[in-house]
Amino acid sequence: MDTLFALARQVAGDILSQKSKGAASEAAAKMIALAEDVIGQFEHRHGLEDPVACGPGCAYCCHYQVVMTAPEVFLVGRHVRQHFTATKTQALFRRIDRYLALRDGKDVFEVARVLHDTPCVFLKDDRCAVYPVRPLVCRAWHAMDRDACRTDFESAVPDPEVEGYTHRHYVYKTVARGLEAAVKEIGCQAGAYGMAGAMKTYFSHPAPETAWINGEPVFDGGPIAFCALPLEVT
Ligand code: SF4
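Everything quoted here is computed from the prediction, not taken from an experiment.

Our focus in this paragraph is the overall build of the protein chain. Secondary structure assignment for the protein chain yields 10 helices and 4 strands. The helix and strand sequence of the protein chain, counted from the amino end, reads α-α-β-α-α-α-β-β-α-α-α-β-α-α. Expected size for 234 residues packed as a compact globule is a radius of gyration near 17 Å; at 17 Å, the protein chain falls within 12% of this value. On the principal axes, the C-alpha backbone points of the protein chain span a range of 45 × 45 × 30 Å. Burial analysis of the protein chain (234 residues in total) assigns 36% to the buried set.

All residues adjacent to the ligand are Cys62, Val66, Cys120, Phe122, Leu123, Cys128, Val130, Arg134 and Cys138. Within the shell around the ligand, the residues separate by chemical class into 8 nonpolar, no polar and 1 charged.

Looking now at the environment of Lys21. On the secondary structure map, Lys21 appears in the loop between α1 (3–16) and α2 (23–46). Sequence separation between Lys21 and Leu179 is 158 residues, and the spatial gap between their C-alpha atoms is 18 Å.

Mapping Leu7 onto the fold places it in helix α1. Residues Leu7 and Glu72 lie 65 residues apart in sequence; the distance between their C-alpha atoms is 18 Å.

With that settled, consider the nonpolar core. Among the nonpolar cores identified, the biggest contains 59 residues, and Met31 and Val175 are the most heavily contacted of them. With 10 residues, α2 is the largest single contributor of residues to this core. Met31 has contacts with Ala8, Ala12, Leu136, Val175 and Leu179, leaving out every residue within four places of it along the chain.

Time to look at the environment of Trp212. The topology assignment puts Trp212 in helix α10 (residues 208–213). By the C-beta count within 10 Å, which is 23 here, Trp212 ends up buried. Trp212 has contacts with Ala24, Ala70, Cys188, Gln189 and Val218, leaving out every residue within four places of it along the chain.

It is at 7 Å that the axes of α2 and helix α3 (residues 70–83) come closest, and there the two elements cross at 100°. By the angle class used here, α2 and α3 are roughly perpendicular. In contact with Ala24, Ser25, Ala27, Ala28 and Ala29 of α2, α3 contributes Ala70, Pro71, Glu72, Phe74, Leu75 and Arg78. Grouping the constituent residues of the contact of α2 with α3 by class yields 8 nonpolar, 1 polar and 2 charged.

Positioned with a positive phi, Lys19 is a non-glycine residue whose angle comes to about 55°. Tracing the sequence through the fold places Lys19 in the loop between α1 and α2. Assessed through the 14 C-beta atoms surrounding it within 10 Å, Lys19 is described here as partly exposed. In this structure, Asp125 takes a positive phi of about 50° despite not being glycine.

Before going further, it helps to spend a moment on α2. Spanning 24 residues, α2 covers 34 Å between terminal C-alpha atoms, matching the ideal 34 Å at 1.5 Å per step. Inspection of α2 places Ala23, Ala24, Ser25, Ala27, Ala28, Ala29, Met31, Ile32, Leu34, Ala35 and Val38 among the buried residues, and these make up the whole buried set. Along its buried surface, α2 packs onto α1, α3, α6 (136–140), α8 (166–185) and α10. Looking one or two residues beyond α2, the residue adopting positive phi is Gly47, at roughly 70°.

On average, residues of the protein chain carry a pLDDT of 92, and 94% of them reach 70 or more. This stretch, residues 222–234, has a pLDDT under 50; its non-local contacts, to residues over four places away or in other chains, come to 32 contacts.

This part is about helix α9 (residues 195–204). Within α9, burial applies to Met195, Ala196, Ala198, Met199 and Tyr202. Projected onto a plane normal to the axis of α9, the buried residues spread over an arc of 160° and lie on a single side.

Here is what the cut-offs are and how they apply
- Residues numbered from 1 in each chain as written.
- Predicted model: local features only at pLDDT ≥ 70, side-chain atom pairs only at ≥ 80, totals over all residues.
- Helix = DSSP H or I, 4+ residues; strand = E, 2+ residues; numbered from the N terminus.
- Rg over C-alpha atoms; globule rule 2.2 N^0.38 Å.
- Buried ≥ 20, exposed ≤ 12 C-beta atoms within 10 Å, placed from the backbone.
- Near = placed C-beta within 6 Å.
- Nonpolar A, V, L, I, M, F, W, Y, C, P; charged D, E, K, R; others polar.
- Core = buried A, V, L, I, M, F, W, Y, C linked by C-beta atoms within 7 Å.
- Contact = placed C-beta atoms within 7 Å.
- Axes fitted to C-alpha atoms, helices over the stretch in contact; angles between N-to-C directions.
- Parallel < 35°, antiparallel > 145°, perpendicular 65-115°, else oblique.
- Expected span 1.5 Å × (residues − 1).
- pLDDT = per-residue confidence, 0-100.
- Arc of directions from axis to C-beta.

Below you can see the structure in the form of structure tokens.
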């Protein structure tokens, strides 16, 4: 078995099996730290052939569907509760409703038509409002050529293929798979959820993280229009 997958599953499983109040958020945070650590060490040792073009204010990729595991939903939701003001939270709710009204249940071509007008609900002035806790898929998405991202975005390509480093994709995807495997093992609702719909569910539920860790189904599964890192758990 893949060593990183096994490690992620073990670490996440140890945290989740405690079934404590914040276990899901903690497991997600731990997975993010693990992935960042593995990539940091690898890149420190081997360097990068070409520099990564991503940086503050560049947010083309933040217009594509973000798909996340349940623990990541709780980590982001918790961050919003702790750090957003009431005004900022109300503005977020309005963006979520608008996003879902324009995208929910639409096929990839219909979504592509509104791509420019429906950024991620956390994108504000081309910056991520939940940057410290952004999902694994956001961390995996990177590029060496900003012009290629701009061209795909301006053409509203439904599913862009941007050149990136294999090791980064591998690490984030493998850690996400390990987390998802641990979720299944402890009998909690597993799946990959679109950011806006998952946030809507999170804030509509009186105690989503507690219900989920106790094995209750919290999320509606639904078709995902764009999925950069499919979570096939083996
Ligand atoms: S969560 Fe942040 S990084 Fe991810 S798509 Fe949204 S704005 Fe971009």
